[in-house]
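One letter stands for each residue in the lines below.
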Amino acid sequence: MNSQTVIRLIVTFFIYLILQIVVLRNFVFFDVAFCFVYIACILLLPDEIPPVWVILISFLTGLLVDIFYNTAGVHASASVLVGYLRGYIIKFLFPTKGIENEIVISLKDMGAERFVRYVAILTLIHHSTLFFVEAGGFAFFLITILKIICSVVFTSFMIIILQYVRGN
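What you see is a predicted model, and the numbers here were worked out from it, not measured in a lab.

Asker: Tell me what's going on with helix α6 (residues 112-135), and back it up with residues and numbers.
Answerer: Between its first and last C-alpha atoms α6 spans 33 Å; for 24 residues at 1.5 Å apiece the expected length is 34 Å, and the two agree. For α6, every residue scored as buried is listed here: Phe115, Tyr118, Val119, Leu122, Thr123, His126, His127, Thr129, Leu130, Phe131 and Phe132. Buried residues along α6 sit in contact with β2 (33-34), α2 (40-43), α4 (74-93), α5 (107-110) and α7 (141-166). Of the residues trailing α6, Gly136 is marked for its positive phi of about 80°.

As structure tokens, this is what we get:
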């Protein structure tokens, strides 16, 4: 990974965080569909980054969102889980990966079907953790499931749209 890639990652990271904190914070449909596009910071990290760094980046991303949302670690815990499981999901979805063919995680390089599947699975994990921790358990099971489903669709759609806008 060269310095130009690192700079592009850092700029993308800040764009997604600013978009989440400033614009999408109050962008909610019918009190059930929330958009947490900041998880794209974790999902779009290059595959060659070591897992320890992915988990650290995930924690810092979630912590920054927690600071601005005043949510006491809910986003950080969900983000760390996604950062931890990301490598396993990549191995599960793309088992033919070898040393000579690194996976570039983007809509352009993976194709629409594989990219949507990858984003939807990790978004489902993130949102399930986030909303069940926020609810404090399974007391509000049906409304929590409704929030998860609607938010996964909304967030995944926004991440895909942002990939089209970005051009890769």
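Asker: Which residues make up the packing of helix α1 (residues 3-23) against α7, and what values do they have?
Answerer: At their nearest, the axes of α1 and α7 sit 14 Å apart, and the two run at 135° to each other. One finds that α1 runs oblique with respect to α7. As α1 runs across α7, the sense of the crossing is right-handed. Contact residues: Arg8, Thr12, Tyr16 and Leu19 in α1; Leu162, Gln163 and Arg166 in α7. Residues belonging to the contact of α1 with α7 are distributed by class as follows: 3 nonpolar, 2 polar and 2 charged.

Asker: Run through the nonpolar core, naming residues and quoting values.
Answerer: Generally speaking, a soluble globular protein has its nonpolar side chains buried in company with each other. Ranked by size, the top nonpolar core spans 41 residues in total, and within it Tyr16, Val37, Leu43, Ile105, Phe115, Tyr118 and Ile159 carry the most contacts. For this core, the secondary-structure elements that each account for two or more residues are α1, α2, α3 (51-69), α4, α5, α6 and α7. With near-sequence residues (within four places) excluded, Ile105 lies in contact with Leu43, Leu44, Leu45, Arg86, Ile90, Met110, Phe115 and Tyr118.

What counts and how
- Residues numbered from 1 in each chain as written.
- Predicted model: local features only at pLDDT ≥ 70, side-chain atom pairs only at ≥ 80, totals over all residues.
- Heavy atoms only, no water.
- Helix = DSSP H or I, 4+ residues; strand = E, 2+ residues; numbered from the N terminus.
- Expected span 1.5 Å × (residues − 1).
- Buried < 20%, exposed > 50% of the residue type's maximum accessible area, 1.4 Å probe, protein only.
- Contact = heavy atoms within 4.5 Å.
- Axes fitted to C-alpha atoms, helices over the stretch in contact; angles between N-to-C directions.
- Parallel < 35°, antiparallel > 145°, perpendicular 65-115°, else oblique.
- Left-handed = near helix turned anticlockwise from the far one by under 90°.
- Nonpolar A, V, L, I, M, F, W, Y, C, P; charged D, E, K, R; others polar.
- Core = buried A, V, L, I, M, F, W, Y, C linked by side-chain atoms within 4.5 Å.

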